[in-house]
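The lines below spell out each chain.
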Amino acid sequence: MKTNYQYPLDLSWSTAEMTAVLSFFNQVEKFYESKVNREEFLEKYKEFKRIVPSKMQEKQLGREFEENSGYSLYRALKEVQASERQYVRSEKA
């Protein structure tokens, strides 16, 4: 985990869109640092996908986020999706 890093954002997004994307990145951070509510995480991901519908752009943002923070958007999403528990945390925590 790194501290004081920048989030990968597209400056063409509106303030509301940036807020939604940041909310999802915050859920990914929370997944690694403590635990997340599965439903809330998946809802934030759905909002993220509304703004970033392209798989290519999602992968690019995920790579940048992981390079900056050390947290994998992809791994967090897969673990949360696979879990049946209400609260999920990283198995590596």
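Before reading on, note that the structure itself is shown above.
Every chain is numbered on its own, with residues counted from 1 as its sequence reads. Only residues with pLDDT of at least 70 are given local features in this predicted model, and only at 80 or more are side-chain atom pairs given and counted; all residues enter the totals for whole chains, interfaces and linings. No hydrogens and no water enter the side-chain calculation; it runs on all heavy atoms of the structure.

S.K.: Can you explain the pattern of salt bridges? Please cite residues and give values.
M.R.: Pairing is possible between side chains that carry opposite charge, provided their charged atoms lie close to one another. The term salt bridge refers to a side-chain nitrogen of Lys or Arg lying within 4 Å of a carboxyl oxygen of Asp or Glu. One pass over the structure, following the stated rule, counts five salt bridges. One salt bridge in this structure joins Lys 49 and Glu 58, with 2.7 Å as the shortest N-O distance. Here the salt bridges do not stand alone but share partners, grouping Lys 49, Lys 55 and Glu 58 into one network.

S.K.: Account for the packing of aromatic side chains, naming residues and giving values.
M.R.: Centre distance within 6.5 Å is the pairing criterion for rings of Phe, Tyr and Trp, where only the six-membered ring of Trp is used; planes under 30 degrees apart are then read as stacked, over 60 as edge-to-face, and the remainder as tilted. Taken as a whole and judged by the stated rule, the model has 12 aromatic pairs. Arranged with centres 5.4 Å apart and planes meeting at 50°, the rings of Phe 24 and Tyr 45 form a pair that is tilted. Remark: Tyr 45 occurs in helix α2 (residues 38–51) and Phe 24 occurs in helix α1 (residues 15–33); sequence separation between them is 21 residues. The buried label applies to any residue whose accessible area, calculated with a 1.4 Å probe on protein chains only, is under 20% of its type's maximum; exposed applies above 50%, and partly exposed to all values in between. Its relative accessible area of 13% is what places Tyr 45 among the buried residues. Seen in terms of ring centroids, Phe 31 and Tyr 32 are 5.0 Å apart; in terms of plane orientation they differ by 85°. Their pairing is edge-to-face. Looking at Phe 31, the relative accessible area reads 0%, which means it is buried. Every member of this aromatic cluster is reached through a ring pair, and the members are Tyr 5, Tyr 7, Phe 24, Phe 25, Phe 41, Tyr 45, Phe 48 and Phe 65. A positively charged side chain is recorded as over a ring if its NZ (Lys) or CZ (Arg) lies within 6 Å of the ring centre. The angle to the ring normal must also be within 35 degrees. Above the ring of Tyr 87, the side-chain terminus of Lys 35 is found at 5.2 Å from the ring centroid. Only runs of H or I of at least four residues qualify as helices and only runs of E of at least two qualify as strands under DSSP, and these elements are numbered from the N terminus.

S.K.: Describe the layout of surface pockets, listing the residues and the values that go with them.
M.R.: When its volume is computed, the largest pocket comes out at roughly 230 Å³. A 1.4 Å probe that fits into a set of points on a 1 Å grid over the protein atoms alone but cannot get out defines a cavity; an open set with protein on both sides within 12 Å along at least five of seven lines defines a pocket, and lining residues are those with an atom within 4 Å of a point. In terms of lining, the largest pocket is formed by Lys 55, Glu 58, Lys 59, Gly 62, Arg 63, Glu 66, Ser 72, Leu 73, Tyr 74, Leu 77 and Lys 78. Breaking the lining of the largest pocket down by element, the ones donating at least two residues are α3 (55–69) and α4 (73–82). Broken down by element, the residue count for the lining of the largest pocket peaks at six residues, all from α3. Ten residue types, Ala, Val, Leu, Ile, Met, Phe, Trp, Tyr, Cys and Pro, are classed as nonpolar, four, Asp, Glu, Lys and Arg, as charged, and the remainder, Gly among them, as polar. Residues that form the lining of the largest pocket fall into these classes: three nonpolar, two polar and six charged. Grid points are joined across faces, edges and corners, and a volume is the space filled by probe spheres set on the points.

S.K.: Quick rundown of the nonpolar core? Include the residues and the values.
M.R.: Here, nonpolar core means buried Ala, Val, Leu, Ile, Met, Phe, Trp, Tyr and Cys residues that are tied together by side-chain atoms lying within 4.5 Å of each other. Val 28, Phe 31, Phe 41 and Phe 48 are the most contacted members of the largest nonpolar core, which totals 24 residues. Those elements giving two or more residues to this core turn out to be α1, α2, α3 and α4. When residues in this core are grouped by element, the largest group, eight residues, is from α1.

Any functional reading would require information that these geometric values do not contain.
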